[in-house]
Amino acid sequence: MQRTEKLKRNQSFLFWGKALIKLNIINAVVTLFYLHRGVEIDEIFYLSIVWSLSTLLFEVPTGYLADRFGRKRTLMLGAFLLALSWAMTWFAQGFPAFVIVFVIMSASFSCFSGTEEAFLYDSLKELGEDKEMTKHNGRLHSAQHFFNIIVPTLGAWIAKDLTEFQFSILIVVNIVAVVGGLLVFFFLTEPKHAKNVVEYEKGIFRESVETILHEPFLFRAAMNKLLIFIASFLVWRAYQPYLSDHGVSIFWLGIFYFLMHGICFVVHQYIGQIEKKIGTTHALFWSVGLMITALVGVFVTSISWLLFIFILITIVLETVREPVFAHAMNSRINSRSRATTLSNLNVFKAILDIPILFIAGWIAKINLEYVFLVAIGLCVMTLLFFSIRKRDLFPLSTPEEYIS
């Protein structure tokens, strides 16, 4: 098989590998699982701080690892660490044990962060198809929803009584899926990316920082993306016990996941056409405006089915925004340091996470509903200070021109 054909297969292998890695049958009841295993509601938010601190430790080294030793090897390492974290979840009880689980799981996701996009972009670039990044990246992002359209709903049905045996079944399914993803990644073909061995030791990290400094758009786009992600994440952490307290059954929590991933899968398949039709800036701006509207709706009603819809809209809108950033951001980054630069940008998320999640955990202990108020504040801040302007999307220079 010729190299061109192997490179074309990368998109398929990335899709199915990511689909298996992201298959998380326990997600529809994961917050209730933590509560079952002796973790308090505020400690669940504090576990996310552990994740963020771990990201600060692992994000840059794993990005460097991907640029230095290969993206394929880094993806396989991430899959191995994820399988290990789920194996440890089998035994974990209480906050301290889950701290260890979250550290390993964060290291795993740091291996994927930036690496998947860099792998895809460089595969497309070698094939001469890099201008289609938004379309292909949208399809790659749809992979995380493929199995999750049905599987978490099935998980909610299996764990309908929230017993230890039922949760154990879900953990085993996750382990098997991740091992399957690891095997799929083995068949990837490493794309070419510009490199100079003599310069690697000193150059990659410095180059990635210079790229960010010379491209203010990267920082603004990263903040726009990350603040909305954190807002959605706060909602995601709170919605299961919140809806449960408002009379929503475990079965309907499973239906929530079915609808969320079904909608996201369909939208991600066509995100390239959607972006072209309504425009990137309008898509980013109005998605945040709709999120704010939905979150305000949480405060003006206690009707369970309306709360269900408002929270679903919030999480879906954040998820479908993800691929819109990828093409513009990747086009401004040198191939040689692409994974490292994307990892460095993700470090901003870890820095933002720590104070926000601490406040959210403290507030959740007082009143879980107030967590949604924090999410509204983050969305408003994004519109006021980090909106993406049209001129940001058409740079006068390329990343290579910035790096000497």
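First, a word on what this report is: a plain description of the structure on this page. Just so it is clear, the structure is predicted and the values come from calculations on it, not from any experiment. (Residues numbered from 1 in each chain as written. Predicted model: local features only at pLDDT ≥ 70, side-chain atom pairs only at ≥ 80, totals over all residues. Heavy atoms only, no water.)

**Regarding the packing of aromatic side chains**
Centre-to-centre distance and the angle between the planes together describe a pair of aromatic rings.
Here's step 1: For the coordinates displayed, the defined rule picks out 20 aromatic pairs.
Here's step 2: For the ring pair phenylalanine 33 and tyrosine 34, a centre distance of 5.8 Å and an interplane angle of 50° mean the geometry is tilted.
Here's step 3: Overall, phenylalanine 33 belongs to the buried group, its relative accessible area being 1%.
Here's step 4: On the basis of an interplanar angle of 20° and a centroid distance of 6.3 Å, the ring pair of phenylalanine 229 and phenylalanine 233 is categorised as stacked. With phenylalanine 229 and phenylalanine 233 both in helix α11 (residues 216–245), this residue pair falls 4 residues apart, about one helical turn.
Here's step 5: Among the aromatic residues, those joined into a cluster by ring pairs are Phe33, Tyr34, Trp51, Phe98, Phe102, Phe109, Phe112, Phe167 and Phe185.
Here's step 6: Geometry around phenylalanine 186 places lysine 72 over its ring, the cationic atom sitting 5.2 Å from the centre.
Here's step 7: Lysine 160 extends its terminal NZ or CZ atom over the ring of tryptophan 157, reaching a point 4.8 Å from the ring centre. (Phe/Tyr/Trp six-rings, centres within 6.5 Å; stacked < 30°, edge-to-face > 60°. Buried < 20%, exposed > 50% of the residue type's maximum accessible area, 1.4 Å probe, protein only. Helix = DSSP H or I, 4+ residues; strand = E, 2+ residues; numbered from the N terminus. Lys NZ or Arg CZ within 6 Å of the ring centre and 35° of its normal.)

**A short note on a nonpolar patch on the surface**
Here's step 1: On the surface, a nonpolar cluster with roughly 920 Å² of combined accessible area is contributed by Val296, Phe299, Val300, Phe358, Ile359, Trp362, Ile366, Tyr370 and Leu373.
Here's step 2: The set of elements that each furnish at least two residues to the nonpolar patch consists of α14 (280–300), α16 (338–366) and α17 (370–385).
Here's step 3: Looking at which element gives the most residues to the nonpolar patch, the answer is α16, with 4 residues.
Here's step 4: Structurally, the position occupied by leucine 373 is in helix α17. (Patch = residues over 30% accessible without salt bridge, like charges linked within 9 Å, V, L, I, M, F, W, Y side chains within 5 Å. Areas by Shrake-Rupley, 256 points an atom, 1.4 Å probe, with all protein chains shown as cover. Salt bridge = Lys/Arg side-chain N within 4 Å of Asp/Glu carboxyl O.)

**Here's the deal with helix α1 (residues 3–22)**
Here's step 1: Taking 1.5 Å per residue as the helical rise, α1 with its 20 residues ought to reach 28 Å, and the 28 Å between its terminal C-alpha atoms agrees with that figure.
Here's step 2: Asparagine 10 marks the point of greatest bend in α1, at about 30°.
Here's step 3: Within the span of α1, buried status applies to Leu7, Asn10, Phe13, Leu14, Phe15, Gly17, Lys18, Ala19 and Ile21. (Expected span 1.5 Å × (residues − 1). Bend = angle between axes of the 7 residues up to and from the residue.)

**Remarks on the pattern of salt bridges**
Here's step 1: Applying the stated criterion to the full structure yields 3 salt bridges.
Here's step 2: The shortest N-O distance in the salt bridge between glutamate 164 and arginine 37 comes to 2.7 Å. Linking glutamate 164 in helix α9 (residues 164–185) with arginine 37 in the loop between α2 (30–36) and α3 (41–69), this pair joins segments that are 127 residues apart in sequence.
Here's step 3: Residue classification places arginine 37 among the buried residues on the basis of a relative accessible area of 1%.

**What about helix α4 (residues 71–89)?**
Here's step 1: Compared with the 27 Å implied by 1.5 Å per residue over 19 residues, the 27 Å span of α4 between its first and last C-alpha is a close match.
Here's step 2: Within α4, the full set of buried residues consists of Arg71, Lys72, Thr74, Leu75, Gly78, Ala79, Leu81, Leu82, Ala83, Ser85, Trp86 and Thr89.

**Focus: unusual backbone geometry**
Here's step 1: For leucine 162, which is not a glycine, the phi torsion comes out positive at approximately 55°.
Here's step 2: Structurally, leucine 162 can be placed in the loop between α8 (151–158) and α9.
Here's step 3: Overall, leucine 162 belongs to the partly exposed group, its relative accessible area being 27%.

**Examining the environment of alanine 66**
Here's step 1: Checked against the element boundaries, alanine 66 lands in helix α3.
Here's step 2: Here the alpha-carbon distance between alanine 66 and phenylalanine 119, two residues 53 residues apart in the chain, equals 9.2 Å.

**Details of the nonpolar core**
Here's step 1: If you look at the biggest cluster of nonpolar residues, it comprises 98 residues, and the most contacted ones within it are Ile26, Val29, Leu234, Tyr239, Leu243, Phe256 and Ile311.
Here's step 2: For this core, the element with the highest residue contribution is α11, accounting for 15 residues.
Here's step 3: Not counting residues within four places of it along the chain, the set of residues in contact with isoleucine 311 comprises Val235, Tyr239, Tyr242, Leu243, Phe256, Val298 and Phe372. (Core = buried A, V, L, I, M, F, W, Y, C linked by side-chain atoms within 4.5 Å. Contact = heavy atoms within 4.5 Å.)

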